[in-house]
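Commentary on secondary and tertiary structure
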Amino acid sequence: MATPLEQAIRDSLAPLGFEVYPLKVGWYNGVLQPGFHLPYSEDALAYVVLSTPSMFEKAFKPFMKQQRLQRVRDPVDECVSYHLSLLKGNFPDQKLDVIYDYEMLPNRRPRILAQTAAHVSGAAYYYQRKDVQKDPWGEKKIYGVCIHPEFGGWFAIRAVLVFPDILVPFLEQRPPIDCVTTNEKRIALLESFNFHWQDWEYRDIVDVQERYSEEQKTYFATPPSERLKLLGLDGELTESSHY
Ligand code: B12
């Protein structure tokens, strides 16, 4: 059963095409080296925020239409931060830190390892090289990828919300659904994600309920300098994401 807080977060974000999953900071820190730890109590409550395929239509297009773009960063990132800032305003009496997927520390490490957070919250299984037996890649660097049971790879991990003062020592951890079960498929998944992610194929490694619309695919496949034109707006972008 969702707590009233969780319900309030869902009620704000679900209509915009986002999903949220609770976690304890300790679950996240527990699988990471100290250099990546989040500086909060191990029992502090956090939520992973995912964008599902419909976020583009439900949040991003209206955001662009309302001309809310400040042109300081990638438009999708601005849209996400706009909505999460509004959400923050719903909890004026609660300390809430929002950590975005694109935020970097001064040492150039990401502030949050979004995939690790998604895995430990149960949102999406994080398939890494070490989840494969007898891998064929030798010295090559192989990046891992999260797969969601309903959306496959058609989603992005946008942020982690941390409530430093809400301690939940008894929060129950749900394991992520392991939907890419065979060694062969895991190899195919990591090859596809690492060597030809531009063809979108890795996203369909499981049967999915929803994909990005053709318009959304075109948007992400368009070079950043032409994306605003595609949306009927003037100007060029300097920052971009492809998620
Ligand atoms: C930097 C970055 C890149 C870099 C480097 C990639 C990398 N993984 O290092 C580059 C530019 C290459 C890149 C490319 C892409 N990226 Co990228 N990228 C990121 C970013 C910002 C940080 C990743 C990072 O530096 N991780 C640091 C490394 C060290 O972490 P790690 O490998 O996971 O290692 C840790 C775990 O193994 C953990 N660990 C150890 N044991 C265990 C055990 C368990 C059980 C667990 C859970 C963890 C764990 O400890 C390690 C650290 O010590 C993330 C967003 C974010 N904030 O996380 C997106 C992200 C990983 N990228 C994403 C995507 C989609 C892409 C691209 C397809 C698209 C694109 N626009 O470029 C390509 C595909 C990759 C490719 N073929 O090039 C998505 C992946 C979504 C998913 N389904 O998993 C993310 C999460 C962004 C998002 N908002 O959703 N990316």
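To keep things clear, this report deals only with the structure shown in the data block.

The rules we used
Residues numbered from 1 in each chain as written. Predicted model: local features only at pLDDT ≥ 70, side-chain atom pairs only at ≥ 80, totals over all residues. Heavy atoms only, no water. Near = heavy atom within 4 Å. Polar contact = N/O pair within 3.5 Å; in protein donor to acceptor, adjacent residues only side chain to side chain. Helix = DSSP H or I, 4+ residues; strand = E, 2+ residues; numbered from the N terminus. Nonpolar A, V, L, I, M, F, W, Y, C, P; charged D, E, K, R; others polar. Axes fitted to C-alpha atoms, helices over the stretch in contact; angles between N-to-C directions. Parallel < 35°, antiparallel > 145°, perpendicular 65-115°, else oblique. Left-handed = near helix turned anticlockwise from the far one by under 90°. Contact = heavy atoms within 4.5 Å. Expected span 1.5 Å × (residues − 1). Buried < 20%, exposed > 50% of the residue type's maximum accessible area, 1.4 Å probe, protein only.

Moving on, we get to the site of the ligand. Lining the immediate environment of the ligand, one finds 28 residues, of which Asp101, Tyr126, Gln128, Lys130 and Cys146 sit closest. Residue Phe193 places a main-chain N or O atom 2.9 Å away from a nitrogen atom belonging to the ligand. Within the residue set of the shell around the ligand, elements represented by two or more residues are α5 (114–121), β5 (145–147), β6 (156–167) and α6 (183–195). Considering every element that reaches the shell around the ligand, the biggest residue donor is α5, with 4 residues. Each residue belonging to the shell around the ligand can be placed in one class, and the counts come to 19 nonpolar, 7 polar and 2 charged.

With that settled, the discussion passes to the packing of helix α3 (residues 55–65) against helix α7 (residues 214–221). What describes two packed helices is the angle between their axes and the distance between those same axes. Running from amino to carboxyl end, α3 crosses α7 at an angle of 60°, the nearest separation of the two axes being 10 Å. Between α3 and α7, the angle falls in the class oblique. Note on packing geometry: the crossing formed by α3 with α7 is left-handed. Counted together, Phe56, Glu57, Phe60 and Lys61 of α3 and Glu215, Gln216 and Tyr219 of α7 form the full contact between these two elements. A breakdown of the residues in the contact of α3 with α7 according to their chemical character gives 3 nonpolar, 1 polar and 3 charged.

The next point concerns α6. End to end, α6 covers 18 Å across 13 residues, agreeing with the expected 18 Å (1.5 Å per residue, within 8%). Those residues of α6 not exposed but buried are Arg186, Ile187, Leu189, Leu190, Ser192, Phe193 and Asn194. Of the surrounding secondary structure, the elements contacted by the buried residues of α6 are β4 (125–127) and β5.

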